[in-house]
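Summary of the model geometry
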Amino acid sequence: MLPLIRTQSEFWEIAGENGDKNERTGLYGISMNKAFFLQLVFNASLLMTLALIYDLVAVRSRLRRASLRQVPAGVVIGIVGVIVMLASWKMEPGIVFDTRSILIGVSGLYFGTIPTVVAMAITAAYRAIIGGAAVGMGIAVICTSGAIGMAWRHKRRLFLADITWRELYLFGLVIHLAMLGCAFFLPGATRWQVLANITLPVLLVYPVVTALLGKLMADHLKREMTNQKLRESEERYQTLAKIAPVGIFRTDKNGATTFVNPTWCQISGLSEEQAMGDGWLGAVHPLDREALRQGWQETIQQLEPSFADYRFLRPDGTVAWVMGQASPEMNMENQIVGYVGTITDISERKRAEDMIRVSLAEKEVLLKEVHHRVKNNLMSVIGLIKMEGAKANNEVFSTLLLELEGRIRAMALVHESLHKSSNLARIDLQYYIETLTAHIRAQFGAERNIRFSVRAAGVMANLDFAVPCGLILNELIANAYKHAFPGDKPRSGAGQCEIAVAVQHEGGVLTLTVADNGVGLPADLDWEKADTLGLKLIQMLCLQLNGTIQLDRTRGTTFRLCFARSSAAG
């Protein structure tokens, strides 16, 4: 390591007394510049270390922006400046150089007015105590560097964390050009000698060190701003968790509870300490506990969200129904670190559902009773009709009464089907038609060799559609049974007498088909203008249901009725 050359006379002692003076003077300048350069590097390294220590200790207080707390920060910066000045390079007695310009300039840029003014006062006072021919220049450098730093900060405002290397280098260059300008405070004989020896090292080293120190501070500032945002976010989360109207909980990746909010404790009846780990599971209702435990373990194993309704049995004996849900919490590496979830008190909803369920059960019983009574009343009417038919002893009148009985029975059968069904809004058309055809067979002669087939499996109909549909079916099936097979024979070559009923729905349309392989309707019969009650009733009911009727006479008689599915299905 080269010896520190402080004065020209010291250099001459090292160089020897017999050398050429010019050569000795040139060698002195080169060695002095080299020593100055090395001392600046050492001084800058010290400054970087002290600045890093200060930044780690004081940056949080600085970010709080409290004026009283900025004064101690300025004192710390001033003390660091004094330490830097103690490690200064002495060109000759009274003329010293160090990195205080970097420290004060960066302080003005990053710490603002109050800390910088305090640091400027401390370092200027110490420079005045040192004294010497360069005291004016030293104090001017302090004031100029601080002013440039504070002015640059005022221009940048709140964007210091994003400052670039290029701008920081320019900032350091401006400060140290101003520093060289302050050399004019030196006595005239010394001024040019100082400038000749320090200009190149200052312009080479100082801006770079300023940029390094500034970038270090910017990086720390950026990290601290990020940490500050994280702390604020955590505080907001804690505040929201405290006032949230739902219970909030967090677990680790194994499902053990690590946090619950006050609302969670209020809903469950447990304290925060009792809820930690698996303690919360002990408060779950015994009837729900095992299923919930298994569901929660499956959630953890499958790494999926969880949803469940369950009950808490509180210490006071009351029961709280809750709707619980939890979702995985991921870290930056997309790994599950735990679960975050909520529980919502749904006790009132459950009580309301129970009341509705009881009310619906009562209404179902009532509706079944209504359908039963309507069916019984209709059957009573059928009984009266039979009595009147037997009493009249008139074949024409008895036939009319028999047809009327069939129509009333078709309506009564709808209410009987609803009374026996588990669904009081709809009836199964397959069951209904099979029962209806059995009654028609019994009414008009069960001994006749006529086969029935019904294809309506899975087709349901509501009450508004079932009653008129039942009347239509009664008329069509009864007419086919009575008139299609004279002598119990089908049309020529048709084989066995058969009546086929089919109901199907496709494309939003329900189609009802009643077909027989009998002799068919008379060729001269215009069925749309016929004055028989049965055909008029079919047309009237079909119009009532917004349906259409098609008649096919090619192979016996086939009536095809089409209805919109929305008006037919329950």
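Before reading further, recall that the structure is shown in the block above.
As a starting point, this report considers the structure included with it. The residue count restarts for each chain, going from 1 along the sequence in the order it is written. Selection of residues for local features in this predicted model requires a pLDDT of at least 70, selection of side-chain atom pairs for listing and counting requires 80 or more, and totals for whole chains, interfaces and linings are taken over all residues. Water and hydrogen atoms were dropped before computing side-chain values, which therefore reflect all heavy atoms in the structure.

With that settled, consider the sheet that holds strand β13 (residues 548–552). In this scheme, strands are said to pair when DSSP sees at least two bridges between them. Labels follow the DSSP assignment, with helices taken as runs of H or I lasting at least four residues and strands as runs of E lasting at least two, numbered in each case from the N terminus. Spatially, five strands are ordered β9-β11-β12-β14-β13 in an open sheet, and the strand pairing comes out mixed. Two strands bound the open sheet, and with one partner strand each, they are β9 (450–455) and β13. Strand-to-strand twist in this sheet, taken as the mean axis angle between neighbours without regard to direction, amounts to 10°. Pairing between β13 and strand β14 (residues 557–564): five bridges, direction antiparallel. Residue D552 lies in a different strand from β14, and its bridge partner there is T558. Packed on one face of the sheet, helix α14 (residues 429–444) meets β9 and β11 (497–506) and runs near 165° to β9. The strands that helix α16 (residues 533–544) touches are β13 and β14; relative to β13, the one it contacts most, it runs at about 140°. To obtain an axis, a line is fitted to C-alpha atoms, over the contacting stretch when the element is a helix, and the angle between two such axes runs from 0 to 180 degrees between their N-to-C directions. A contact between two residues is defined here by any heavy atoms of the two lying within 4.5 Å.

Most of β14 sits out of view: six of its eight residues are buried. Pairing analysis gives eight bridges linking strand β12 (residues 509–516) to β14, with the strands arranged antiparallel. Pairing of T513 across the sheet is with R560, part of β14. The antiparallel pairing of β13 with β14 creates a hairpin that spans four residues between the two strands, and G556 there sits at a positive phi of about 75°. The cut-offs for exposure are 20% and 50% of the maximum accessible area for each residue type, with area from a 1.4 Å probe on protein chains only; residues under the lower value are buried, those over the upper are exposed, and the others partly exposed.

So, about the packing of aromatic side chains. Think of a pair of aromatic rings as described by two things: how far the centres are apart, and how the planes are tilted against each other in angle. Stacked, tilted and edge-to-face are the three classes assigned to paired rings of Phe, Tyr and Trp, where Trp is represented by its six-membered ring and a pair needs centres within 6.5 Å; plane angles under 30 degrees give stacked, over 60 edge-to-face, the rest tilted. Tallying each qualifying case throughout the model produces seven aromatic pairs. A ring pair is formed by W264 and F312, whose centres lie 5.7 Å apart and whose planes are at 75°; its orientation type is edge-to-face. Taken together, the positions of W264 in helix α9 (residues 262–268) and F312 in strand β5 (residues 306–313) put the pair 48 residues apart, joining distant regions of the chain. Its relative accessible area of 3% is what places W264 among the buried residues.

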